[in-house]
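Report on the structure
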Number of protein chains: 2
Amino acid sequence: MSTIKDIAKHAGVSVATVSYVLNNNRYVSPEKKERVLAAIRELNYAPNAAARGLRARESRTIGLIVSDISNPFYPDLAKGCEDEAQKHGYAVHMINTNDQPERMRQAAAQAREGKIDGLIVTSALEADRELLQSLRERGFPLVLAHRRLEGLDADLVESDNFEGGLMAARHMLRMGHRRIAFMSGVAGSPTSKLREEGYRQAMKEAGIDVPPEWTLSGEAKYTASYERMLGYADMPPDERPTAVINMSDVGAMGVLDAAADRGLRVPEDVAVMGFDDLFLAAFRSVRLTTVRIPRYELGRRATELLLERLSEASRDARHVVLPVELIVRGTCGGEQA
Amino acid sequence: MSTIKDIAKHAGVSVATVSYVLNNNRYVSPEKKERVLAAIRELNYAPNAAARGLRARESRTIGLIVSDISNPFYPDLAKGCEDEAQKHGYAVHMINTNDQPERMRQAAAQAREGKIDGLIVTSALEADRELLQSLRERGFPLVLAHRRLEGLDADLVESDNFEGGLMAARHMLRMGHRRIAFMSGVAGSPTSKLREEGYRQAMKEAGIDVPPEWTLSGEAKYTASYERMLGYADMPPDERPTAVINMSDVGAMGVLDAAADRGLRVPEDVAVMGFDDLFLAAFRSVRLTTVRIPRYELGRRATELLLERLSEASRDARHVVLPVELIVRGTCGGEQA
DNA sequence: GTGAAAGCGCTAACAA
DNA sequence: TTGTTAGCGCTTTCAC
């Protein structure tokens, strides 16, 4: 690989001149400029990123932490992040933690080594709090995406989870249901809690008491949801919930499949809703009514915020809440033609 | 951030000594070593990656090019790549090209700038050939994953596509089908071509002629496949294929849904197979028979090859073919209890 | 055993 | 308008 010196020699100018034309930040006479440009072309030169980074004390790359990229929730988010970063000349480092705190620690190390200029943390866990806090205290740019961490002084981009729960439950109510179950996620997840609060609010407005068996928590995954639904299916028909809201579309698939396995018709015997609006929700054989979470936008906005923070002096932590949207398909009835 | 100088001063030693303990490559007296370690802890020091990279002329990061991370085929591959890289102290740069040649060009620029030490290219397109070739000619480490590019001098990791097509068709034959359609992917894709060759081989073995309407090509996506299936459904029952093999599980979903929309029972009226074995293939309401592509392993092996190439002197291009597996579920009948 | 210093490739302050 | 040079933080040769 050729260096700036090679270019300088080849063009018969000083390295400073080459640097000036490279960065276009000083006047350089047309002839010299042309010679430099020609040399660059001829030698197929590209300035070394490490050297630049060392001088400039920045890497122009941001880190994106996801717990598991093969969870279909994240790819869109990652894409939003990458598209936005890319637009501003930043690269993105993907870091899968697989929910191992050790991996989070390695990410923090990359931050201290200057490998990344800022970090987007999706689905932050309570266990990460201390580490993230210490990063923030050292002034490292950080934005949380999708999941909040109460009390952490960092930018946050999330979807309107309370509203999502509210709108899901209201929709069920509107369709005539009274016994509506809300399958929440792992206990303690703020996302899940917020959605459940929205649900409870709607139920309260409707004057309905929510017995504990309507809000079983557990994983929002397929199997765990499938099993919870089996439990409901086995209840006496006049006690069994006639509507089930699951925290994720994949979970809702489990609910749908359990209902089918027990001979329950959807939506006649049981109405089902999910959250996310994954591509599979739109399949004709599924047609899942769901609350769309703007995943791409979550990633895009988080990146936007991070980049702003990178270029501006310190400012207060911001909190952006993205609207969610009710997508009515077939699993609750009431579908538009 | 503290630098090696700060540590040296703080510990009362030279920067060289600090470097020695950091890299553990020279004898350092226990006392000094301890003092250095203490200073590192106290000042929360981490060596600057750019400076190291500049010296060492390596970034310890690899680039991973995918056309679209939100295509459910890629996340597992990306994860395999990331896990393997991570194990060897490498980071991974994700690059979504969205099939824009411009993005590929930017990736190449990153390579020339030394931002990445090597590149894994998934689903390489014919249009990328020249760029990739020029990278190889400059000796840049490159491995192709999933899709081959005939004649490109680079390592390649792919799944056994011919065998996959063969095993899919043979399975259909075994289930008693004779009119078996193979919905191939976009014309010219080597992956698709190989699979189709396997299919043709099986048909030939069975002494069956394959009329052109059985091998319609198109996108392997949901909608395109849905529509192709509608075409088959509208054929007279005694001409219509009784079995359909699609190039992807998502495509197979389209086939399944089209069949359902036309009142065709699966597998009685039409048997359906996919390729990939995505998570959705296992849903109880789907139970798609499919050819499993080892996506994670594709990413992992590609990374392994790349890392070997990074550490060893130049060697001949290698070609690894990963076995595929027939996963029998319900859409072709013959499911195990 | 340990340290001084050169140098990786680049930018920018300063000099001419 | 252009060039010389110091220095970013680190590793490593060479000398002691």
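Above this text sits the structure in question.
Counting from 1, residues in each chain are numbered in the order their sequence is written. All chains are assigned letters beginning at A, and all ligands numbers beginning at 1, according to the order in which they are written. Selection of residues for local features in this predicted model requires a pLDDT of at least 70, selection of side-chain atom pairs for listing and counting requires 80 or more, and totals for whole chains, interfaces and linings are taken over all residues. Side-chain measures were taken over the full set of non-hydrogen atoms in the model, leaving aside hydrogen atoms and water.

Regarding unusual backbone geometry
Residue and element names in this part refer to chain A. With an omega dihedral of 5 degrees, the bond running from Val266 to Pro267 counts as a cis peptide bond. Put simply, DSSP H or I for four residues or longer makes a helix, DSSP E for two residues or longer makes a strand, and each gets a number counted from the N terminus. One can find Pro267 in the loop between α11 (249-261) and β8 (271-276). In this structure, Asp277 is a non-glycine residue whose phi angle is positive, near 65 degrees. Among the structural elements, Asp277 can be located in the loop between β8 and β9 (289-292).

Things to note about the sheet that holds strand β11 (residues 325-327) of chain B
Residue and element names in this part refer to chain B. If DSSP finds at least two bridges between two strands, the strands pair. Strand order in the open sheet formed by five strands is β6-β7-β8-β9-β11, with mixed pairing between adjacent strands. Each of the sheet's edge strands pairs with one partner strand only, and the pair in question is β6 (180-183) and β11. Taking the axes of each pair of neighbouring strands and ignoring which way they run, one obtains an average angle of 20 degrees across the sheet. In the sheet, strand β8 (residues 271-276) pairs with strand β9 (residues 289-292) via four bridges, with the strands oriented parallel. An axis is simply a line fitted to the C-alpha atoms; with a helix, the fit covers only the stretch in contact. Between two such axes, the angle follows the N-to-C directions and lies from 0 to 180 degrees.

So, the environment of A:Ala145
Residues and elements named next belong to chain A. The residue Ala145 is located in strand β4 (residues 142-145) in this model. Exposure classes here rest on a 1.4 Å probe applied to the protein chains alone. A residue is buried below 20% of its type maximum, exposed above 50%, and partly exposed in between. A residue is classified by how much of its surface remains accessible, and Ala145, at 0% relative accessible area, is buried. Sequence separation between Ala145 and Leu280 is 135 residues, and the spatial gap between their C-alpha atoms is 23 Å. Only heavy atoms enter the contact rule, under which two residues are in contact if any of them lie within 4.5 Å. Leave out the neighbours within four places in its chain, and Ala145 touches Ile120, Val121, Thr122, Ser123, Val157 and Ala302.

Describing the pattern of salt bridges
Residues and elements named next belong to chain A. In the sections that follow, a salt bridge refers to a side-chain nitrogen of Lys or Arg positioned within 4 Å of a carboxyl oxygen of Asp or Glu. Under the defined criterion, the tally for this structure stands at 54 salt bridges over all chains. A salt bridge links Arg60 to Glu58, with the nearest nitrogen and oxygen atoms 3.3 Å apart. Glu158 is the salt-bridge partner of Arg148, the closest N and O atoms lying 2.6 Å from each other. Residue Arg148 is found in the loop between β4 and β5 (155-159), and its partner Glu158 is found in strand β5; the two are separated by 10 residues along the sequence.

Keep in mind these values describe shape, not function.
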